[in-house]
Amino acid sequence: MFNFEFYNPTKIVFGRDTVTRLSTLVPTNARVLILFGGASAQKNGTLDEVKAALGTREVHEFSGIEPNPSYETLMRAVEHVRREKIDFLLAVGGGSVIDGTKFIAAAANFDGEPWDIAVKGGANITSALPFGAVLTLPATGSEMNNGGVVTRKSIQAKLAFHSPLVYPQFSILDPSKTFTLPPRQIANGVVDAFVHTMEQYLTYPVNGQVQDRFAEGLLLSLIETGPLVLAETNDYDARANLMWVATLALNGLIGAGVPQDWATHMIGHELTAQYDIDHARTLAIVLPSLLNVQRGNKHAKLLQYAARVWNITEGSEEARIDQAIQNTRDFFESMGIKTRLGDYELGQAAIDIVVTQLSAHGMTKLGEHKDITLEVSRKILEGAL
Ligand code: NZQ
Ligand code: ZN
């Protein structure tokens, strides 16, 4: 196992009717800015519950943080924060709203052009406003991690940033808040959490026994729960399981002390930036092909994955690996997510553009061995045609 430091200060408040806990979690003298997306938080009543719980605090609102939050929108919120001397942010929504809130928290006091935060991957963040979150979409893990992803539409760049200063102080996870999610977003959440787990698990063995067993537990839970949440919109337990699995998939725990890949995400971000494909869908396109192209490096872990997650124990090693990759693809497809570039009407021309963008963003040595060069990324994308 590798050396590691593990730090996660986010308080999780989990369960039914927990939005009321905002009354004690947010400082009583705070000047609060509630941040949310389009209409969902208003329509399903979450926003009203949040405002009621905040009571007599001074509360401002900022709406319109879009999926794959844009720098352009977030900078309008930064202006609001500066103008109104806001000192506490409250994200109400999914990964996009929480990521956007992290960026706003860091940008509000940033000395210089805040886009630099994304360009430098967050290394230049020196302070951030405190914030909390009310999660309405289980998927990204943003509610309990220190990362965010922002898009600058004008240059079609989607970049990730990290900083210990952008952990949420708390996140409220009420599974019943997910009842109003459309099937498309449920499926996205299952697949995003699945791929987060794979990025930290399917590399090479370092005898991280508990990390491996935790990761396999998360994958098995997703395989079991995914179809239930798609089929049954009011199954509280299924929603609760999905919500907690998605949080644990990317809160740092399963990735501590083990190698990590993340090439699927980096290639996927370019597909979203260029073609506006949902984040999870880009991952479903890239991952099966990446596993196939990298099967040499990932041989031992692919066999372990085949045996422990899919119960594939017979046949030649290569046949078992083929079957495990096929099962992964079939699982994504069973969630209603297409796994081929062609399904999104993209072909060779798109591959050229994505590879050019990877180059422009310095994504030239990806993966746990840093051996996914532009040529390998091209091969992965060609395998996804
Ligand atoms: O805008 P509204 O009207 O709220 O609708 C949203 C949005 O259209 C809707 N929604 C959310 N909660 C709902 C709901 N609709 C009905 N009922 C509810 N309870 O869902 C749509 C998608 O929301 P979004 O926040 O974009 O989805 P998700 O949580 O999948 O977040 C995706 C973003 O997170 C980033 C992605 O790149 C992408 O930008 N990621 C962040 C990560 C992190 N911070 O660690 C890691 C991930 O790998 C990912 O990259
Ligand atoms: Zn993701």
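Residues numbered from 1 in each chain as written. Chains lettered and ligands numbered in written order. Predicted model: local features only at pLDDT ≥ 70, side-chain atom pairs only at ≥ 80, totals over all residues. Heavy atoms only, no water.

## A closer look at the site of ligand 1
Phase 1 of the analysis: Residues in contact with ligand 1 amount to 33 residues; listed here are only the nearest, Gly38, Ser40, Ser96, Asp99 and Lys158.
Phase 2 of the analysis: At 2.7 Å from a nitrogen atom of ligand 1 is found a side-chain nitrogen or oxygen belonging to aspartate 99.
Phase 3 of the analysis: Here an oxygen atom of ligand 1 and a side-chain polar atom of asparagine 145 are 2.9 Å apart.
Phase 4 of the analysis: Taking 960 Å² as the accessible area of ligand 1 by itself, protein coverage stands at 88%.
Phase 5 of the analysis: Secondary-structure elements contributing two or more residues to the shell around ligand 1 are α5 (95-107), β6 (147-152), α7 (183-201) and α10 (263-275). (Near = heavy atom within 4 Å. Polar contact = N/O pair within 3.5 Å; in protein donor to acceptor, adjacent residues only side chain to side chain. Areas by Shrake-Rupley, 256 points an atom, 1.4 Å probe, with all protein chains shown as cover. Helix = DSSP H or I, 4+ residues; strand = E, 2+ residues; numbered from the N terminus.)

## Points about the coordination of the zinc ion (ligand 2)
Phase 1 of the analysis: Protein-derived coordination of the zinc ion (ligand 2) comes from Asp192 (OD), His196 (NE2), His265 (NE2) and His279 (NE2), at a distance range of 2.0 to 2.1 Å.
Phase 2 of the analysis: For the zinc ion (ligand 2), all donor residues lie on one chain, and their spacing in sequence is D-x3-H-x68-H-x13-H. Remark: histidine 279 occurs in helix α11 (residues 279-293) and histidine 196 occurs in helix α7; sequence separation between them is 83 residues.
Phase 3 of the analysis: When its relative accessible area of 16% is taken as the criterion, histidine 279 is described as buried. (Donors = N, O, S within 2.8 Å, 3.2 Å for Na, K, Ca; no water. Buried < 20%, exposed > 50% of the residue type's maximum accessible area, 1.4 Å probe, protein only.)

## Let's talk about the sheet that holds strand β8 (residues 170-173)
Phase 1 of the analysis: Ordered by their spatial adjacency, six strands build an open sheet running β1-β8-β5-β4-β2-β3, and the pairing between neighbours is parallel. Each having just a single partner strand, β1 (11-14) and β3 (58-62) make up the two edges of the open sheet. Neighbour to neighbour, the strand axes of the sheet diverge by 20° on average, direction disregarded.
Phase 2 of the analysis: Where strand β4 (residues 88-93) lies against strand β5 (residues 131-135), five bridges are found, and the strand directions are parallel. Directly across from glycine 93, in β5, lies its bridge partner leucine 135.
Phase 3 of the analysis: Sheet contacts for helix α4 (residues 71-84): β2 (31-36), β3 and β4; angle to β3, the most-contacted strand, approximately 160°.
Phase 4 of the analysis: Of the strands in this sheet, β2, β4 and β5 are in contact with α5, which crosses β4 at around 165°. (Pairing = 2+ DSSP bridges. Axes fitted to C-alpha atoms, helices over the stretch in contact; angles between N-to-C directions. Contact = heavy atoms within 4.5 Å.)

## Examining the UniProt feature "domain: Fe-containing alcohol dehydrogenase-like C-terminal" (unreviewed entry) in the protein
Phase 1 of the analysis: Per the UniProt record, the feature "domain: Fe-containing alcohol dehydrogenase-like C-terminal" (unreviewed entry) sits at residues 187-357.
Phase 2 of the analysis: With 70% helix and 0% strand, residues 187-357 has its two end C-alpha atoms placed 27 Å apart. (UniProt positions renumbered as here; feature names shortened; annotations may be inferred.)

## Here's the deal with the packing of helix α8 (residues 209-231) against helix α12 (residues 299-310)
Phase 1 of the analysis: For the pair α8 and α12, the least separation of the axes is 10 Å and the interaxial angle reads 50°. Between α8 and α12, the crossing angle belongs to the class labelled oblique. As for the relative orientation of α8 and α12, their crossing is right-handed in sense. Facing Asp212, Arg213, Glu216, Leu219, Leu220 and Ile223 of α8, the residues of α12 in contact are Lys301, Gln304, Tyr305, Arg308, Val309 and Trp310. (Parallel < 35°, antiparallel > 145°, perpendicular 65-115°, else oblique. Left-handed = near helix turned anticlockwise from the far one by under 90°.)

## Observations concerning the nonpolar core
Phase 1 of the analysis: Counting 65 residues, the largest nonpolar core has Phe194, Met198 and Tyr305 as its most contacted members.
Phase 2 of the analysis: Ranked by residue count, the leading element in this core is α7, at nine residues.
Phase 3 of the analysis: Each residue touching phenylalanine 194, except ones within four places of it in the same chain, is listed here: Leu219, Leu222, Ile223, Tyr305, Trp310, Thr328, Phe331 and Phe332.
Phase 4 of the analysis: The next biggest cluster of nonpolar side chains, apart from the first, holds 37 residues, and it includes Ile86, Val97, Val150 and Leu159. (Core = buried A, V, L, I, M, F, W, Y, C linked by side-chain atoms within 4.5 Å.)

## Focus on the pattern of salt bridges
Phase 1 of the analysis: Considering all chains together, one arrives at 17 salt bridges under this definition.
Phase 2 of the analysis: For glutamate 49, the salt bridge identified is with lysine 177, shortest N-O distance 2.7 Å. Remark: lysine 177 occurs in the loop between β8 and α7 and glutamate 49 occurs in helix α3 (residues 46-54); sequence separation between them is 128 residues.
Phase 3 of the analysis: According to the relative accessible area criterion, lysine 177 is buried, its value standing at 10%.
Phase 4 of the analysis: As a salt-bridge pair, lysine 298 and aspartate 261 come within 2.7 Å of each other at their nearest N and O atoms. (Salt bridge = Lys/Arg side-chain N within 4 Å of Asp/Glu carboxyl O.)

## Points about the packing of α7 against helix α9 (residues 236-249)
Phase 1 of the analysis: At a minimum axis separation of 9 Å, α7 and α9 run at an interaxial angle of 35°. Between α7 and α9 lies a crossing of left-handed hand. Residues Ile186, Val190, Ala193, His196, Thr197 and Gln200 of α7 touch α9, and the partners they reach there are Arg239, Leu242, Ala246 and Ala249.
Phase 2 of the analysis: Looking at the contact of α7 with α9, its residues break down into six nonpolar, three polar and one charged. (Nonpolar A, V, L, I, M, F, W, Y, C, P; charged D, E, K, R; others polar.)

## Some points on the environment of phenylalanine 131
Phase 1 of the analysis: Looking at the secondary structure, you find phenylalanine 131 in strand β5.
Phase 2 of the analysis: Residues within four places of phenylalanine 131 in sequence aside, it is in contact with Phe88, Leu89, Thr101, Lys102, Ala105, Val166, Tyr167, Pro168, Gln169 and Phe170.

## Re the pairing of β2
Phase 1 of the analysis: Most of β2 is tucked away, with five of its six residues classed as buried.
Phase 2 of the analysis: Sheet topology places β2 next to β3; five bridges connect them, and they run parallel. Residue pairing in the sheet places leucine 35 in a bridge with phenylalanine 62 of β3.
Phase 3 of the analysis: Here β2 runs beside β4; their pairing, made up of five bridges, is parallel. Across the sheet, residue leucine 35 finds its bridge partner in β4, namely alanine 91.

## Quick word on α12
Phase 1 of the analysis: For α12, which comprises 12 residues, the first-to-last C-alpha distance of 16 Å matches the rise-based estimate of 16 Å (1.5 Å per residue) to within 8%.
Phase 2 of the analysis: The first or second residue beyond α12 is asparagine 311, which carries a positive phi of 60°. (Expected span 1.5 Å × (residues − 1).)

## Some points on the pairing of β6
Phase 1 of the analysis: By the criterion of burial, β6 is predominantly enclosed, with five of the six residues buried.
Phase 2 of the analysis: Bridge analysis of β6 against strand β7 (residues 157-162) gives six bridges, and the strand direction is antiparallel. From the neighbouring strand, glycine 147 faces β7, where its bridge partner is histidine 162.

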